[in-house]
Amino acid sequence: MNKHYIFSVFVAFLALLVASCNSELDKAPDGRTSLDAVFEDPVLTGKYLSNCYNNIPKKGYWYFFWTNIPNGVSDDNWDCDDNQGLQLAHLYKGMASANRHPIEEPNIPSMDGLYWKNYWAQIRLINTFLEQIPSAAVESEEVRDRWTAEAHVLRAYFYLQMVKWYGNIPIFTEPIPLDYDYSKLKKDSFEDCARQIVADCDQALESKYLPWRITSMAEIHRMTKAIAAAIRSEASIYAASPRFNDGKKLWDWAYEVNKQSVQLLEANGFELYDKIQNPELYKSAYEEYFVQRADLSPNPHDKETIWQGYHLVPPHVVIRGFPIDGGYMAGTVPTQELVDAYDILNTGKSVLNLEKPYQDETKLKPNYNPESGYDPQNPYANRDPRFYATVYHNGSKKIMNGTPTVIETFVGGNCSIHPSLRSNTRTGYYAKKFMHPMSNPTSQDDGTWKHYRLGAVYLNFAEAAAESGHLDEAMKYVNKIRHRAGFSTAVDVKAPDKKGAVLLVRHERRVELSYEEYRYFDCRRWALPGEDLINEKFSTGMQITRNQDGSFSYKRILVGTQDPSVPSKMSYESKYHLLPIPLEEVSKLESQTGIKWQNPGW
């Protein structure tokens, strides 16, 4: 090999080079094995691919101090570490800069922060691998085919993570030569970024030997064709969304990409998890699904999961316990806005008017849908079964020490609202999704993260179909999701027009995908550039008083502020659509290119 390549984390690291791959030496001048030597050895070639898997983020509760930051920033949740002065407290107060952003800071225990640095490192490794693998020493051509396909899926995944956090970026599909002219470097359009992601996935889908499913625990982390299908689905709807489409009409393209993804997944045995395995513990398949760990048999009972995290959720005492069983942190708890989103079961109607759910900015005055049948004096009755699978509310039961225990969030109750204790809710609710019914402060029974699942891809397709005018298809997949949830076909939702279809799809995404980090990104991609996220400006909860006769009175309250002129979350401002490029890196980029690189507002 007679070329020198930049071995940098990103092009901004202009001075960080690895040594020449000198064919006359076993070692490069810095003492490391040369690339020639690596790819002449089948074992080292495999280890190089393994390094391409580094920095896959641990999602869910593996952010700073087990706080789910994307959920906590969204309007669906409030984090009860708001008085601890940690990451989310900083975001709520608008304390973020390009030099110190709470989401970009190193996290504990997984160190998943510093996305800009870590993801570019992976893309650099993958580009080198893809350049070398055609001539690399491998055990068989089957191995070469599969490894090549895995690298394409990995590159698509890391590029998708980058554009979700930072917006459009430069696209590199080859290692960068030493004589690269950085003065000509510029961002590619978001559309071009998305099309490259889809192209990488399509390349992987053409592989003869990349499997659709993983059937061995030893390979649980490896890429598959199903993951490629899910990534291309997601990338296309981001490109078509208002925040990123640069005014172009890309929904027809997103529709075709998503239709293909759904067809491929269904043709290869993926289907919704709709049969309860343990009816003694669970009331719905949806509830059970998020506690189950996908089995890896050739014919699994869970055919919905496309890619599950291979780490366990920490014991519930750490992330979302209860003060009555020694819970240390209530964690990210549901807001009243999320609770409002669950429909009435027998009517199938939304509790609030979907177009204008609240009459005021603070969301203390709900705009009720008169057709729903909702009773404000009995607010938790007859709701979407996903509500009971996701939210512990006043009157819910939790098995503690083998005994069903009633959760009391009313004033003076055993799990009541407290303004400062991290063990108590701020909103009147606690999180349930992913939690095993019998979990306790020392158990390891809670669920695992689902990076991708068929239900989410269905809703990607439904959104693209609604936005591109295929309303019947959009509603078909929305209703598929609702049927699994427990709604009868008699109350199927119907779209009166395109606007109504889009509202219904967005409403369904909020409910079905709650606590899966989608809401944070959805609200940002649905916004126009420069548009504040007013839905995130205030957060509300429910203050419940038990009357002398045993009945309850309900009062909506602001969370995090008592002053309606002071936002609950300063992170509603438009600058928070995207993360800032770290200050040191953006300075290098701007000095080399002479153009502005930083994201708006930073």
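The structure we're discussing is the one just above.
Bear in mind the structure is a predicted one, so any value in this text is a computation, not a measurement.

Evaluation of the coordinates by the stated rule reveals 39 aromatic pairs. Put simply, the rings of Tyr 115, Tyr 119, Tyr 157, Phe 158, Trp 165, Trp 307, Tyr 452, Tyr 520 and Phe 521 touch in pairs and so form one group of aromatic residues. The ring of Tyr 238 has Arg 525 lying over it, and the distance from NZ or CZ to the ring centre is 5.3 Å.

Moving on, we come to the layout of surface pockets. By volume, the largest pocket amounts to about 930 Å³. If you trace the largest pocket, you find 30 residues lining it, with Leu 354, Glu 355, Pro 357, Arg 519 and Asn 535 closest to the centre. Of all the secondary structure elements, the ones that give two or more residues to the lining of the largest pocket are helix H12 (336-340), helix H16 (498-512) and helix H17 (518-526). Of the residues belonging to the lining of the largest pocket, the class tally is twelve nonpolar, four polar and 14 charged. In this model, the second largest pocket occupies a volume close to 550 Å³. Lining the second largest pocket are 27 residues; nearest its centre among them are Lys 349, Ser 350, Leu 354, Asn 369 and Leu 504. Mapped onto the lining of the second largest pocket, the elements with two or more residues apiece are helix H15 (471-485) and H16. Here the lining of the second largest pocket takes six residues from H16, the largest share from any one element. Here the residues of the lining of the second largest pocket sort into ten nonpolar, seven polar and ten charged.

Another point: the pairing of strand S9 (residues 539-546). Regular strands have side chains that alternate between both faces of the sheet. Here eight bridges tie S9 to strand S10 (residues 552-559), and the two strands are oriented antiparallel to one another. Paired with Gly 541 across the strands is Ile 557, a residue of S10.

Criteria and thresholds
- Residues numbered from 1 in each chain as written.
- Predicted model: local features only at pLDDT ≥ 70, side-chain atom pairs only at ≥ 80, totals over all residues.
- Heavy atoms only, no water.
- Phe/Tyr/Trp six-rings, centres within 6.5 Å; stacked < 30°, edge-to-face > 60°.
- Lys NZ or Arg CZ within 6 Å of the ring centre and 35° of its normal.
- 1 Å grid on protein atoms, 1.4 Å probe; cavity = no way out; pocket = protein on both sides within 12 Å on 5 of 7 lines; lining within 4 Å.
- Points joined across faces, edges and corners; volume = space filled by probe spheres on them.
- Helix = DSSP H or I, 4+ residues; strand = E, 2+ residues; numbered from the N terminus.
- Nonpolar A, V, L, I, M, F, W, Y, C, P; charged D, E, K, R; others polar.
- Pairing = 2+ DSSP bridges.

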